[in-house]
Amino acid sequence: MLDLGGVSRRYSGRAAVDGVSLSVGRGEFVGVIGRSGAGKSTLLRMVNRLVEPSAGHIRWDGTDVTALRGRALRDWRARCAMVFQQFNLSGRLDVLTNVLMGRLNRTPLHRALLGLWSEEDRAIALSALEQLDMGAFAAQRADRLSGGQQQRVAIARALVQEPEIILADEPVASLDPRNTRVVMDALAGINRRYGITILCNLHSLDLARGYCSRVVGLSAGRLVFDGAPAALTEAA
Ligand code: ADP
Ligand code: ADP
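Residues numbered from 1 in each chain as written. Chains lettered and ligands numbered in written order. Predicted model: local features only at pLDDT ≥ 70, side-chain atom pairs only at ≥ 80, totals over all residues. Heavy atoms only, no water.

Named according to an unreviewed UniProt entry, the protein is Phosphonate ABC transporter ATP-binding protein originating from Roseicella aquatilis.

Some points on the environment of Asp-75
Counted only if it meets this: Helix numbers and strand numbers start at the N terminus; a helix is a DSSP run of H or I with at least 4 residues, a strand a run of E with at least 2.
Looking at the secondary structure, you find Asp-75 in helix H2 (residues 70-79). Spatially, the C-alpha atom of Asp-75 lies 8.0 Å from that of Asn-105, the residues being 30 residues apart in sequence.

Describing helix H7 (residues 177-194)
Applied cut-off: By definition here, a helix of n residues has an expected span of 1.5 Å times n minus one. Residues are treated as being in contact if the distance between any of their heavy atoms lies within 4.5 Å.
With 18 residues, H7 should cover 26 Å at 1.5 Å per step; its first-to-last C-alpha distance of 26 Å lies within 8% of that length. Buried residues along H7 sit in contact with strand S3 (29-33), helix H6 (147-160), strand S7 (165-169), strand S8 (197-202) and helix H8 (205-211). With its phi angle positive at about 65°, Gly-195 sits one or two positions after the end of H7.

Considerations on the site of ligand 2
Formally: Being near a molecule or strand, for a residue, comes down to having at least one heavy atom within 4 Å of it. Two N or O atoms form a polar contact when they lie within 3.5 Å of each other; inside protein one atom must be a possible hydrogen donor and the other a possible acceptor, and for residues adjacent in sequence the pair counts only when both atoms belong to side chains. In these tables, accessible area is a Shrake-Rupley quantity obtained with a 1.4 Å probe, and a residue counts as shielded only by the protein chains included in the view.
In the region of ligand 2, the neighbouring residues are Tyr-11, Arg-14, Ala-16, Arg-35, Ser-36, Gly-37, Ala-38, Gly-39, Lys-40, Ser-41 and Thr-42. Take Ala-38: an N or O atom from its main chain is 3.1 Å from an oxygen atom of ligand 2. Gly-39 places a polar main-chain atom, nitrogen or oxygen, 3.0 Å from an oxygen atom of ligand 2. In isolation ligand 2 exposes 560 Å². Once the protein is present, 58% of that is buried.

Regarding unusual backbone geometry
Peptide bonds are, in most cases, trans, and in most cases residues other than glycine have a negative phi. Heads up, the condition is: Partly exposed residues are those whose accessible area sits between 20% and 50% of the maximum for their type, while under 20% is buried and over 50% is exposed, using a 1.4 Å probe and protein chains only.
Positive phi values are uncommon outside glycine, yet Arg-49 reaches one of about 65°. A relative accessible area of 4% means that Arg-49 is categorised as buried. Of note, Ala-220 is a non-glycine position whose phi angle comes to about 50°, a positive value. Residue placement: Ala-220 occurs in the loop between strand S9 (214-219) and strand S10 (222-227). For Ala-220, a relative accessible area of 60% corresponds to the exposed category.

Encoded structure:
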């Protein structure tokens, strides 16, 4: 379980996230909604310490992840995979290699740098691609794919990390409605099938209603709603 207590992040005195307390159980699919600048991205990035909290605690199964350093921090980051709005693939590399990057922490670095991935890693990466209906694209350059296809590759890369949490920061903000559904369906499928906890920043209430079991609302860095999507409709 993920437990945030009084988490804040200030930039030059201004709070981007302001005293957020939140507990998320394993297997939940939580939509984080709020306008641009509400603090969604900062909140997500504090969970895997891409951004350092200014105050508060963040615990995963009792371990304070804000205190982790060195090897322990790298291990933690490997356990919470990130999915970004702009996919963050290496465009000139092929799709399979992009997915294999999710196995970096499980492979000796010198072997990874030489592309000497084990047969097991390759099989895992291909299987992840197949689960996302992207198996046929394994040998293609990533920059040849559409946005929706690229995001599915990014999700496959997250999946092969064998994460306990996926932090998805506006994963569909760059996609058209059809690809939005394909990518949200993919996240929902992973959530159901593997019980991976998902925190997903969204700017659309409708998407949160359609996909998330729970919605958290941020406004000016503060938690202003936490409940079922249906309750949000009534509150609105
Ligand atoms: P988004 O709305 O997609 O989260 P932002 O425009 O808020 O994107 O932020 C893009 C990047 O710029 C992020 O890495 C964020 O940390 C950084 N950033 C956002 N606002 C500021 C700011 N006022 N000063 C410096 N960096 C910022
Ligand atoms: P959201 O993801 O909801 O769009 P962000 O977390 O990106 O919100 O940003 C929350 C606030 O913090 C915004 O006012 C943004 O400008 C500010 N901010 C984010 N990152 C930085 C940064 N690196 N430096 C300064 N201000 C930042």
